[in-house]
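What follows is each chain in one-letter form.
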4 protein chains.
Amino acid sequence: MSLPDDTDELVSPATGRPLTKRGEATRRRLLEAAEGVFAEQGYHEASIVKITERAGIGLGTFYLYFDSKQSIFEALVIDLNRRVRHSMSEAMEGAGSRLEAERAGFAGFFRFTAEHPALYRVVREAEFVSPEVLRLHYTRIVEGYEAGLRAAQETGDVDRALDPETTAWALMGMGELIGMRFLLWERDASGTAPTELDPVIFAGMTRFIDNALAPRDTPKDDS
Amino acid sequence: MSLPDDTDELVSPATGRPLTKRGEATRRRLLEAAEGVFAEQGYHEASIVKITERAGIGLGTFYLYFDSKQSIFEALVIDLNRRVRHSMSEAMEGAGSRLEAERAGFAGFFRFTAEHPALYRVVREAEFVSPEVLRLHYTRIVEGYEAGLRAAQETGDVDRALDPETTAWALMGMGELIGMRFLLWERDASGTAPTELDPVIFAGMTRFIDNALAPRDTPKDDS
Amino acid sequence: MSLPDDTDELVSPATGRPLTKRGEATRRRLLEAAEGVFAEQGYHEASIVKITERAGIGLGTFYLYFDSKQSIFEALVIDLNRRVRHSMSEAMEGAGSRLEAERAGFAGFFRFTAEHPALYRVVREAEFVSPEVLRLHYTRIVEGYEAGLRAAQETGDVDRALDPETTAWALMGMGELIGMRFLLWERDASGTAPTELDPVIFAGMTRFIDNALAPRDTPKDDS
Amino acid sequence: MSLPDDTDELVSPATGRPLTKRGEATRRRLLEAAEGVFAEQGYHEASIVKITERAGIGLGTFYLYFDSKQSIFEALVIDLNRRVRHSMSEAMEGAGSRLEAERAGFAGFFRFTAEHPALYRVVREAEFVSPEVLRLHYTRIVEGYEAGLRAAQETGDVDRALDPETTAWALMGMGELIGMRFLLWERDASGTAPTELDPVIFAGMTRFIDNALAPRDTPKDDS
DNA sequence: AATGAATGAGTATTCATTCAT
DNA sequence: GATGAATGAATACTCATTCAT
């Protein structure tokens, strides 16, 4: 599998040469246009012309920067993934405790979701467009959760009876659906774009997570 | 919005007349074929010809039973939704306690997921095909969770500080991603189809849920 | 290699079913339209729309009868090849002597060439479109010549010192360039379409062939 | 018609100024690259980028030397034509008799063909690219044959009953197909490049030509 | 002179849907 | 009721050519 990697030096797929400053700018404009078009119309309704028109460049130019429609889709998922993880770790910096960090991380996630609805829409369509990149996306985020959970279990901040991997996926799923329901659907319903999760919902979610993770005095047996 | 409803009497979109016994059988064969084709190829790669071929009927006949490709897609989501909820309530019957019922419900959900991968794949693509039906699907399941949670809070089996709606969506998301990760991805990776969630994973998830829902002696304040 | 064969039963490439009477008619209209378009514009300038428009059918219908542009091209070459060979053997029937038959065959060839300029143009472009079918075309005609030459050598009507294979290819090349020069170029120059080779030219060519094939009293040594 | 002529002084189509020494070298490298690319891929598959890459120069530079893709194609045909004629007359020098000269000329033709497969491939595609240059190519070679034939008829070395023009085209066609069949196809089949015609084939061809051209004691009547 | 990034016209092919049989 | 031949709108991608540097 040779997925576009976010650490590779950027090169033109046509010539294989590294991108100039101006080239990088054009590439970024294409990605931004693609984020918008994919988010609004979905992968299949989106067309290269729509993307290039929104980016304000010629149709043919697209192919100087991306191999194909699928290729820009994958690049976009990887880009959004990098940015959401960045947003999350930024939010977690300076948190006092493990739990605070966890909450802050979620807040960062939701903030990014609110500002980049494409993250959801694009990812949920990715199953049939590029399964590899879909898995990469989820796995990278989940690995972050998992590492945090293991560390917190060591320090006793998190229930040692929890399976870190399962728990990480559970948290990921929770975040995804809560974001979808209370950010994106609200956006659609109200016509305005909420920039943050409703505090009541956020509090409810926090209570849920705190409960789930907190160490129990008498570990339950779940046989 | 005029979504196909699962309680309406079935009629031919062409003639408007109610379906005969034989007609209902043909319609069901179409739905089953569609479940397979959509699950394997996704909505956009699927074609009416592929569906009718798998159903063993003529191409033109399709339009005696469904208005359009989107229409059978919506009917399929609604059908799967009805069946997964049935599977869940069936599993919950005879459970001794609230918590047992909860676990049983999840087990039913996962069993259905394992047997009907279309449920995931179809639903996750539905965002751009038919947002209405997508929301209907999630909402119906979540409403079931929510009702259960409210009742359990009354009896004190579930932490009264949890917000039932938020919690219900959290559980839904959890189930979705755990099913995706540990049933569908395993299926793809191993080539064989697991019929049940790995017990370790299931236990981990149960612990997580039990933790999250159980009443706390000293209700936490999460302000 | 799986070239379309002129003896296969005709089937729809889409469904694999044999063609109905009406289907065969449509297929023939497509081939005739393709003959015209390819001859006038060449393979690359020709487009499927131009062909279907000339045939008076819908664009999509094309693909019920042919897999691709290349596929109708190959079918056309094979069809023309079959017909030119038919035209030649028909012309040779009833010839009194070997030499008369030979002359008559060439006359048939030129008559067909004059009426079907596509034969030249299409074949000469075939090198890069479908080398296989190009070779098939030449080989089939040449094999006919070669068989005739061998037989005539047995009866002593043709110089036994000639190599039948080489001679057959020489005759093929001769016919091709003479036809090109004195039928097709004249057609282009005069704007009218000659239906037969100028008698002077035909006579010159006959003399050339007669000389070349006639048995020599004292076989030359060409070392 | 303003075909590039092989006697014109070479000028840059961009500036109209005559080419410098260095310019002429670049132009020749382009022509050589074009010969290779056209021969391997055909006119339509060939692209300016491929040609300039093989020539090792920048894409834009191409247009300093040629007006268009068609223009370099025409220049190439004219160049190859000049060189094949040169190869033929060189081979004929020092031949003892008319017939020896004829044979030597053909040998020169085949040697060039074997070394420059582009000659065939390019010419046979030229019909729709540039009919003018195609005709020029054939006519120039044929005129050489024709002049030789007329002279040989005067001296009695060649049958006076033959029409020189027809005969010349017949010889041209012969040479073309024999070269195609026994040089180029062999090359493709064996993967190795024969540099000369198989002696058996060459002998067979010589016998054929000798027969065809030799004066007859009793001139045949071809009515 | 030399370059190569940018352009957009042009086209093969797919597939949901219709309708005559 | 059932069928499947016919339709044409819609779109990703290529490449000759231009022109600013």
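In this text, all values refer to a predicted model and were calculated from it rather than measured experimentally. (Residues numbered from 1 in each chain as written. Chains lettered and ligands numbered in written order. Predicted model: local features only at pLDDT ≥ 70, side-chain atom pairs only at ≥ 80, totals over all residues. Heavy atoms only, no water.)

Each α-helix turn comprises 3.6 residues. Residues three or four places apart therefore point the same way. Residues and elements named next belong to chain A. Those residues of helix α2 (residues 48-55) that sit buried are Ile 48, Ile 51, Thr 52 and Ala 55. The buried side chains of α2 occupy one side of the element, clustering within an arc of 90° when seen end-on. Along its buried surface, α2 packs onto α1 (21-45), α3 (59-65) and α4 (69-92). (Buried < 20%, exposed > 50% of the residue type's maximum accessible area, 1.4 Å probe, protein only. Helix = DSSP H or I, 4+ residues; strand = E, 2+ residues; numbered from the N terminus. Arc of directions from axis to C-beta. Contact = heavy atoms within 4.5 Å.)

In this section: the protein's contact with DNA strand F. Lining the immediate surroundings of DNA strand F are 34 residues, of which Gly 60 and Thr 61 of chain B together with Gly 58, Thr 61 and Tyr 65 of chain C lie closest. Of all DNA strand F atoms lying within 4 Å of any protein atom, the proportion belonging to sugar or phosphate reaches 60%. At a separation of 3.2 Å, a phosphate oxygen of DNA strand F approaches a polar backbone atom of Lys 69 of chain A. Take Tyr 65 of chain C: an N or O atom from its side chain is 2.7 Å from a phosphate oxygen of DNA strand F. Secondary-structure elements contributing two or more residues to the surface near DNA strand F are α3 of chain A, α3 (62-65) of chain B together with α1 (21-45) and α3 (62-65) of chain C. Residue composition of the surface near DNA strand F, grouped by class: 16 nonpolar, 13 polar and five charged. (Near = heavy atom within 4 Å. Polar contact = N/O pair within 3.5 Å; in protein donor to acceptor, adjacent residues only side chain to side chain. Nonpolar A, V, L, I, M, F, W, Y, C, P; charged D, E, K, R; others polar.)

What follows covers the pattern of salt bridges. Evaluation of the coordinates by the stated rule reveals 56 salt bridges over all chains. Taking the shortest distance from any N to any O, the salt bridge between Arg 207 of chain D and Asp 159 of chain C comes out at 2.8 Å. Taken together, the residues Arg 207 of chain D in helix α9 (residues 199-213) and Asp 159 of chain C in the loop between α7 (131-154) and α8 (164-190) connect one chain to another. Note on accessibility: Arg 207 of chain D and Asp 159 of chain C belong to one class, buried. For Glu 186 of chain D, the salt bridge goes to Arg 181 of chain D, with nearest N and O atoms at 2.9 Å. Overall, the relative accessible area of 33% leaves Glu 186 of chain D in the partly exposed class. Through salt bridges with shared partners, a single ionic network connects Arg 28, Glu 35, Asp 79, Arg 82 and Arg 83 of chain A. (Salt bridge = Lys/Arg side-chain N within 4 Å of Asp/Glu carboxyl O.)

For the rest of this paragraph, the subject is the relation of the copies chain D and chain C. Between chain D and chain C, which share one sequence, the superposing operator has a rotation angle of 180° and an axial displacement of 0.0 Å; the RMSD is 0.1 Å. The superposition of one copy onto the other is thereby described by a two-fold rotation axis. When you check the interface residues of chain D against chain C, 96% turn up at the interface there too, and the contact is symmetric in its surfaces. (Least-squares fit on C-alpha atoms with pLDDT ≥ 70 in both.)

Attention now goes to the UniProt feature "DNA-binding region" (unreviewed entry) in chain A. Mapped onto this structure's residue numbering, the UniProt feature "DNA-binding region" (unreviewed entry) falls at residues 47-66 of chain A. A helix fraction of 75% and a strand fraction of 0% characterise residues 47-66 of chain A, whose end C-alpha atoms lie 14 Å from each other. (UniProt positions renumbered as here; feature names shortened; annotations may be inferred.)

Take the interface of chain D and chain C next. Between chain D and chain C, the contact holds 56 residues from the first and 55 residues from the second. For the pair chain D and chain C, the summed buried surface comes to about 5,000 Å²; carbon and sulfur atoms form 61% of the total. Across the chain D-chain C interface, the total number found is eight salt bridges. Put simply, the parts of the chain that give the side of chain D that touches chain C at least two residues each are α1 (21-45), α5 (98-115), α6 (118-129), α7 (131-155), α8 (164-190) and α9 of chain D. Sorting elements by how many residues they give to the side of chain D that touches chain C places α8 of chain D first, with 17 residues. Split by residue class, the side of chain D that touches chain C holds 27 nonpolar, eleven polar and 18 charged. (Buried area = accessible area lost by both parts, 1.4 Å probe.)

The next thing to look at is the relation of the copies chain A and chain B. Expressed as a screw operation, the relation of chain A to chain B combines 0.0 Å of axial shift with a rotation of 180°, fitting to an RMSD of 0.1 Å. A high fraction, 96%, of the interface residues of chain A reappear at the interface in chain B, so the copies pair face to face through one surface.

With 55 residues of chain A at the interface, the matching set in chain B holds 55 residues. Around 5,000 Å² of area is buried between chain A and chain B when both sides are counted, 61% of it from carbon and sulfur atoms. At the boundary of chain A and chain B, one finds eight salt bridges. The tally of links from chain A across to chain B stands at 15 residue pairs in polar contact (both at pLDDT 80 or more).

What follows is about the packing of aromatic side chains. Under the definition given, this model contains 47 aromatic pairs over all chains. Arranged with centres 6.4 Å apart and planes meeting at 80°, the rings of Phe 182 of chain C and Trp 169 of chain D form a pair that is edge-to-face. In this pair, Phe 182 of chain C sits in helix α8 while Trp 169 of chain D sits in helix α8, so the two residues belong to two different chains. Considered together, Phe 182 of chain C and Trp 169 of chain D belong to a single accessibility category, that of buried residues. On the basis of an interplanar angle of 40° and a centroid distance of 6.1 Å, the ring pair of Phe 106 of chain D and Phe 110 of chain D is categorised as tilted. Of the two residues, Phe 106 of chain D and Phe 110 of chain D both sit in helix α5, four residues apart, roughly one turn of that helix. For the pair shown, Phe 106 of chain D and Phe 110 of chain D are each scored as buried. Put simply, the rings of Phe 106, Phe 109, Phe 110, Tyr 145 and Phe 202 of chain D pair up and form one aromatic cluster. One residue, Lys 69 of chain B, lies across the ring of Tyr 43 of chain B, its end atom 4.5 Å from the ring centre. (Phe/Tyr/Trp six-rings, centres within 6.5 Å; stacked < 30°, edge-to-face > 60°. Lys NZ or Arg CZ within 6 Å of the ring centre and 35° of its normal.)

Turning to the UniProt feature "domain: HTH tetR-type" (unreviewed entry) in chain A, a few remarks are in order. The sites that UniProt annotates as "domain: HTH tetR-type" (unreviewed entry) are residues 24-84 of chain A. Within the segment residues 24-84 of chain A, helix and strand shares are 87% and 0% respectively, and the terminal C-alpha atoms sit 21 Å apart.

Gly 58, Thr 61 and Tyr 65 of chain A together with Gly 60 and Thr 61 of chain D are the nearest of the 34 residues found near DNA strand E. Of everything in DNA strand E that lies within 4 Å of the protein, sugar and phosphate atoms constitute 61%. Between DNA strand E and the protein, one listed contact pairs a phosphate oxygen with a side-chain N or O atom of Tyr 65 of chain A at 2.7 Å. Within the contact set of DNA strand E, a phosphate oxygen lies 3.1 Å away from a backbone nitrogen or oxygen of Lys 69 of chain C. Those elements that place two or more of their residues in the surface near DNA strand E are α1 and α3 of chain A together with α3 (62-65) of chain D. The greatest single-element share of the surface near DNA strand E, amounting to five residues, is contributed by α3 of chain A. Here the surface near DNA strand E is built from residues that sort into 16 nonpolar, 13 polar and five charged.

A few words now on the domain arrangement of chain A. Residue and element names in this part refer to chain A. The domains assigned to chain A are domain 1 (13-67) and domain 2 (69-213). Distance between the C-alpha centres of domain 1 and domain 2: 27 Å. Opposite the 16 residues of domain 1 that make contact, domain 2 presents 17 residues. For the pairing of domain 1 and domain 2, the buried interface totals around 1,500 Å² over both sides, and the portion due to carbon and sulfur atoms is 67%. When the buried surface of domain 1 facing domain 2 is broken down by residue, Glu 35, Phe 38 and Tyr 43 rank first, second and third, together holding 44% of it. (Domains from an automatic or database assignment.)

A word on the packing of helix α4 (residues 69-92) of chain B against helix α6 (residues 118-129) of chain B. All names here are of chain B. Running from amino to carboxyl end, α4 crosses α6 at an angle of 135°, the nearest separation of the two axes being 10 Å. Classed by the angle they form, the pair α4 and α6 counts as oblique. In this structure, α4 meets α6 at a crossing whose hand is left-handed. Where α4 approaches α6, its residues Gln 70, Phe 73, Leu 76, Val 77, Leu 80 and Val 84 are matched on the opposing element by Ala 118, Leu 119, Val 122, Ala 126 and Val 129. (Axes fitted to C-alpha atoms, helices over the stretch in contact; angles between N-to-C directions. Parallel < 35°, antiparallel > 145°, perpendicular 65-115°, else oblique. Left-handed = near helix turned anticlockwise from the far one by under 90°.)

Moving on: the packing of helix α5 (residues 98-115) of chain C against α8 of chain C. Residues and elements named next belong to chain C. Direction vectors running N to C along α5 and α8 enclose 40°, while the axes themselves pass 10 Å from each other. It follows from the interaxial angle that α5 and α8 lie oblique. Considering the relative orientation of α5 and α8, their crossing is right-handed. Residues Glu 102, Phe 106, Phe 109, Phe 110, Thr 113 and Ala 114 of α5 lie in contact with α8, whose contacting residues are Leu 171, Met 172, Met 174, Gly 175, Glu 176, Ile 178, Gly 179, Leu 183, Leu 184 and Arg 187. Split by residue class, the contact of α5 with α8 holds ten nonpolar, three polar and three charged.

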